[in-house]
Structures are given as structure tokens and as C-alpha cells.
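Letter by letter, the chains look like this.
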Amino acid sequence: METHRIKTGIFGGSFNPIHIGHLAIANYLCEYEDLQEIWFLISPQNPFKKKEDLLDDQTRLKLVNAAIKGYSRFKACDLEFSLPRPSYTVNTLDALKRLYPERDFTIIIGADNWINFNKWKSPEKILHEHSLIIYPRPGYHIEPASLPSKVQLAEAPLISVSSTFIRQALKDGKDIRYFLHPEVFHLIKRYNFYTI
């Protein structure tokens, strides 16, 4: 007898910090796409980003947990903290499949990342073994007809907030509380993250 598999979206990123754009996109995908849960996979080191820009791993995990508390379909995942670095999605997915064989994992990426997907490690293997959902990003047009069979373009809202914008605004002393979950804003202000 075939067991029911849990359709789980993997939303990877530095989340430096997590903001309303991340939350709104994930919320939309949970409610409007065929996903039962979304896991925010916090990356300790993106191969394409400079590590010195990051808050430490545990602080970013704490901010993600603060942001998703109360919505049962969101989970924080720190698996990559214990994997070899730099973190590559293909290796993470292999580890997730071993640890959670009852789940079907779907990768969630922005249109900006899809444009560069062929530069990822083993992109063919990822697409052979997993489905993928692309959410729109400003300035990146994707033609749905051009996508492989297991890749879909979500009709999610176009949200232009970025973590880079958030960090710069905080350094500039701007009050951007409505761009962040209230608890995340509280923690950032309390500990003066990103202000130096």
C-alpha cells in the first residue's frame, strides 16, 4: 500500500535577515500551490555571496523562527549548518531525502536564480529528481513555455523587497518596521543588528 507523501517546499537562502517578502511569497505558495509545508533552509554560506556580510548562523536561525512562529505550515531547517561547506543544493537535497523519505521535496527559487540555474552544481540531477517552483522577481522575465516539465512559474505577487535593502536601511537609521515581522524587527533593534 502506497503511503501518503508530504509535499514540502524547500525555500533556501541566507535570510540575512528574513523579511516580509520571504514570508509573503512562502505564504502564497502554501495557500495557492500544491505544497503542504515550506521549510526555510538557512544557508551558512552561499557560494555566490561573501560570508562576511552574514549574521552568524544561530542568529539568523533565531530570526527565522521568530518570523514563522504561529503558522504551522512553516518550518525552519538548519540542516546545512552540519553539512560540508560551501553548501550546494544538490548535496542538501540528497541529505534531506535520506533523512525524510516520507516527503517529496520541491525547490523554491526566484526568477533571478532560475536565470543562473545552469551554473549550480549538478542542475540536471536536481531537475531529474525534484520539481521546482519559480516565483517572479522584478526585472527577470521567464516564458512559462520554455520551462522543463517539472518546473513551474508561480503566479505569486511581485515583491521587490530584498535583504540588501533592509540591511542598508537599518545602517541608514531608517524605521522600516513594516518591512519585517514585528518580532524580527524587535530583535534587530534590541541587539543593534546591521547598524554598524
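Anything mentioned here points back to the structure above.
As a starting point, this report considers the structure included with it. This one's a predicted model, so the numbers in the text were calculated from it and none came from an experiment. Residue indices begin from 1 for each chain and proceed along its sequence in written order. pLDDT decides what is reported in this predicted model: residues at 70 or higher carry local features, side-chain atom pairs at 80 or more are listed and counted, and totals for whole chains, interfaces and linings draw on all residues regardless. In computing side-chain values, all of the structure's heavy atoms are included and hydrogens and water are not.

### Quick notes on the overall build of the protein chain
- Segments assigned H or I by DSSP are reported as helices when at least four residues long, segments assigned E as strands when at least two residues long, and all are numbered from the N terminus. A count of helices and strands for the protein chain gives 7 helices and 6 strands.
- Its C-alpha atoms give the protein chain a radius of gyration of 17 Å, near enough to 16 Å, the size a compact globule of 196 residues would have.
- With respect to the three principal axes, the spread of C-alpha positions in the protein chain is 55 × 35 × 30 Å.
- Residues counted as buried form 46% of the 196 residues belonging to the protein chain.
- Contact definition: two residues touch when any of their heavy atoms are within 4.5 Å. Nonlocal contacts in the protein chain, meaning residues at least 24 apart in sequence, comprise 68% of its contacts between residues at least 6 apart.
- To measure how exposed things are, a 1.4 Å probe is used in the Shrake-Rupley method; for residues, cover is taken only from the protein chains shown. A total accessible area of about 10900 Å² is found for the protein chain, and carbon and sulfur atoms account for 52% of it.
- Of the charged side chains in the protein chain, 25 are positive and 22 negative, and the gap between their average positions amounts to 6 Å. Only C-alpha atoms enter the radius of gyration, while the globule expectation follows 2.2 Å times N to the 0.38, with N the number of residues. Burial classes follow relative accessibility: with a 1.4 Å probe on protein chains only, a residue under 20% of its type's maximum area counts as buried, one over 50% as exposed, and anything between as partly exposed. The charge count treats Lys and Arg as positive and Asp and Glu as negative. His and the chain ends do not count. The atom standing in for a charge is NZ when the residue is Lys, CZ when it is Arg, CG when it is Asp and CD when it is Glu.

### Focus on the packing of helix α2 (residues 57-68) against helix α7 (residues 182-191)
- To get an axis, fit a line to the C-alpha atoms, keeping to the stretch in contact for a helix; angles then go from 0 to 180 degrees between the N-to-C directions. Between α2 and α7, whose axes approach to 8 Å, the crossing angle comes to 145 degrees. Residues K62, L63, A66 and A67 of α2 touch α7, and the partners they reach there are E183, V184, L187, I188 and Y191.
- Amino acids outside the nonpolar list (Ala, Val, Leu, Ile, Met, Phe, Trp, Tyr, Cys, Pro) and the charged list (Asp, Glu, Lys, Arg) are all regarded as polar, and Gly is one of them. Partitioning the contact of α2 with α7 into residue classes produces 7 nonpolar, no polar and 2 charged.

### What about the nonpolar core?
- If you look at the biggest cluster of nonpolar residues, it comprises 39 residues, and the most contacted ones within it are I18, L29, I38 and F40.
- Of all the elements in the fold, those that place two or more residues in this core are α1 (20-32), β2 (37-42), α2, β5 (131-135), α6 (163-171) and α7.
- For L29, the contacting residues outside a window of four places in its chain are L35, I38, I108, I133 and A154.
- With 23 residues, the next largest nonpolar core counts L79, A111, I126 and I142 among its residues. The definition of a nonpolar core used throughout is a set of buried Ala, Val, Leu, Ile, Met, Phe, Trp, Tyr and Cys residues joined through side-chain atoms within 4.5 Å.

### A short note on the sheet that holds β5
- Being paired, for any two strands, means DSSP has found at least two bridges between them. Across the sheet, 6 strands lie side by side as β3-β2-β1-β4-β5-β6; this open sheet has parallel pairing. Whereas interior strands pair on both sides, the edge strands pair on one side only; in this sheet they are β3 (74-77) and β6 (151-153). Strand after strand, the sheet turns through a mean of 30 degrees between neighbouring axes, direction not considered.
- Where α2 meets the sheet, it contacts β2 and β3, and its direction lies at approximately 175 degrees from that of β3.
- Most of the contacts of helix α3 (residues 89-99) go to strand β4 (residues 103-110), to which it runs at about 155 degrees, and overall it touches β1 (6-13), β2, β3 and β4.

### Topic: the pattern of salt bridges
- What counts as a salt bridge is simple: a side-chain nitrogen of Lys or Arg found within 4 Å of a carboxyl oxygen of Asp or Glu. Summed over the entire model, instances satisfying the criterion amount to 12 salt bridges.
- The closest approach of N and O atoms between R103 and E37, which form a salt bridge, is 3.1 Å. In this pair, R103 sits in strand β4 while E37 sits in strand β2, placing the two residues 66 residues apart along the sequence. For the residue pair R103 and E37, the accessibility class agrees, reading buried in each case.
- The partner of K97 in a salt bridge is E129, with the nearest N and O atoms 2.7 Å apart. Taken together, the residues span a long stretch of sequence, with K97 in helix α3 and E129 in helix α5 (residues 123-129) at a distance of 32 residues.
- Taking the relative accessible area as the measure of exposure, K97 reaches 33% and is therefore partly exposed.

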